[in-house]
Amino acid sequence: MSSLTSDPPLSKGDPAAAPPDDDYAALRVVPVRHPWRWAAVAATAVLLVQFAHGLITNSAWEWEVFAEFFTADVILEAVWVTLQLTFYGTAIGFALGVVLAFMRLSASPFLKSVAFAYIWAFRSIPLIVQLLFWFNLAYLYKELQFGIPFGPGFFSFDTMGLVGAMSAAVLGLALHQAAYAAEIVRAGVLAVDSGQVEAAAALGIPRLRQLRRIVLPQAMRSILPNAANEIISLFKGTSIVSVMAIGELFYQVQVIYGRTGRVVPLLMVATVWYILLTSALSVLQHYVERHFSKGATR
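A brief look at the structure comes next. Bear in mind that the values here come from a model prediction, so they are computed numbers and not experimental data.

Cut-offs applied
- Residues numbered from 1 in each chain as written.
- Predicted model: local features only at pLDDT ≥ 70, side-chain atom pairs only at ≥ 80, totals over all residues.
- Heavy atoms only, no water.
- Helix = DSSP H or I, 4+ residues; strand = E, 2+ residues; numbered from the N terminus.
- Buried < 20%, exposed > 50% of the residue type's maximum accessible area, 1.4 Å probe, protein only.
- Contact = heavy atoms within 4.5 Å.
- 1 Å grid on protein atoms, 1.4 Å probe; cavity = no way out; pocket = protein on both sides within 12 Å on 5 of 7 lines; lining within 4 Å.
- Points joined across faces, edges and corners; volume = space filled by probe spheres on them.
- Axes fitted to C-alpha atoms, helices over the stretch in contact; angles between N-to-C directions.
- Parallel < 35°, antiparallel > 145°, perpendicular 65-115°, else oblique.
- Left-handed = near helix turned anticlockwise from the far one by under 90°.
- Nonpolar A, V, L, I, M, F, W, Y, C, P; charged D, E, K, R; others polar.

### Quick notes on the side chain of E62
- Tracing the backbone shows E62 in the loop between helix 2 (35-57) and helix 3 (63-70).
- What makes E62 buried here is its relative accessible area of 18%.
- In this structure, E62 is in contact with R262 and P265, ignoring residues within four places of it in sequence.

### Some details on the side chain of T86
- Looking at the secondary structure, you find T86 in helix 4 (residues 73-104).
- Taking relative accessible area as the criterion, T86 reaches 7% and is therefore assigned buried.
- Among all residues touching T86, those that are not within four sequence positions of it are I231, L234, F235 and T238.

### A few points about the layout of surface pockets
- Computed from the structure, the largest pocket encloses a volume of approximately 570 Å³.
- Lining the largest pocket we find 23 residues, and of these T90, A227, A228, I231 and L284 sit closest to its centre.
- For the lining of the largest pocket, the leading source of residues is helix 11 (residues 207-237), giving nine residues.
- Quantified by volume, the second largest pocket comes out at close to 430 Å³.
- Lining the second largest pocket are 14 residues, and of these F102, V189, V197, R207 and V215 sit closest to its centre.
- No other element matches helix 11, which puts four residues into the lining of the second largest pocket.

### Quick notes on the packing of helix 10 (residues 194-202) against helix 11
- Helix 11 packs onto helix 10 with a crossing angle of 160° between their chain directions and a minimal axis gap of 11 Å. One finds that helix 10 runs roughly antiparallel with respect to helix 11. As for the relative orientation of helix 10 and helix 11, their crossing is right-handed in sense. Contact with helix 10, carried on its side by Q196, V197, A200 and A201, involves Q210, I214, V215 and Q218 of helix 11 and no other residues of that element.
- Among the residues making up the contact of helix 10 with helix 11, the classes are represented as five nonpolar, three polar and no charged.

### Description of the packing of helix 4 against helix 13 (residues 263-292)
- Running from amino to carboxyl end, helix 4 crosses helix 13 at an angle of 45°, the nearest separation of the two axes being 12 Å. The angle between helix 4 and helix 13 places the two elements in the oblique class. Where helix 4 crosses over helix 13, the two elements pack in a sense that is right-handed. Of the residues in helix 13, those touching helix 4 at I75, L76, V79 and L83 are V269, W273 and L277.
- Along the lines of polarity and charge, the residues of the contact of helix 4 with helix 13 split into seven nonpolar, no polar and no charged.

Here it is as structure tokens:
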């Protein structure tokens, strides 16, 4: 077959066919220059140093006031209330969210419609409005009766004593969280290959065991990152219950700086506590994700 070029083909013995190793050794290797990258690094470093210098030298931050209140008993109690709100809101919210997620995945049109309506409603109404509704439940219903539907009641509860400020806060946070948790869980279950369920069904594995041992362990890889984000958002979002005069972290900080007038250092107390606890949740998320990622290819 003739060559498509005008130059004659090089034979294997021709020295021009392949340069000798000495020619490669003589080549000078020049690294790629990144002047703009180094300029960006220098500018960012200067800004960070200036910010740190301002934190240290600016007396308006009042670090002595920060140190005085950071571990004060009233602040530590408020942190504990914040953690309680986060824990109960997360536990109840995700438990209900799992139920709603499988209702939406159900073959029943009625269950699908009910779950969709719940998620639509609780994602549409602002959280602060939901909290205030639950806080004022006694205004709408003086008592709650349990008995035959549309018939006589066997016993009742006074809503004024049943739903206090803390109960209303947990209820509002949990029901609001459930709407988002349902979509997170549903997305994780849908991410599992349907062939896994079909293979398990072919082997005669019961549906509950399929869900517990096959579907959910794989779905957790998709659920965990989004669920962790929701938990961290809920942890910071507990500050909204300050409108109900519950002694969580942000409310207590407001009370103290309203009394002392030291707004900035008290806000820094809340900020640092939020950063520390959020960092702890992020570390926990890392280890939980690593546990459920066993056997996965990355």
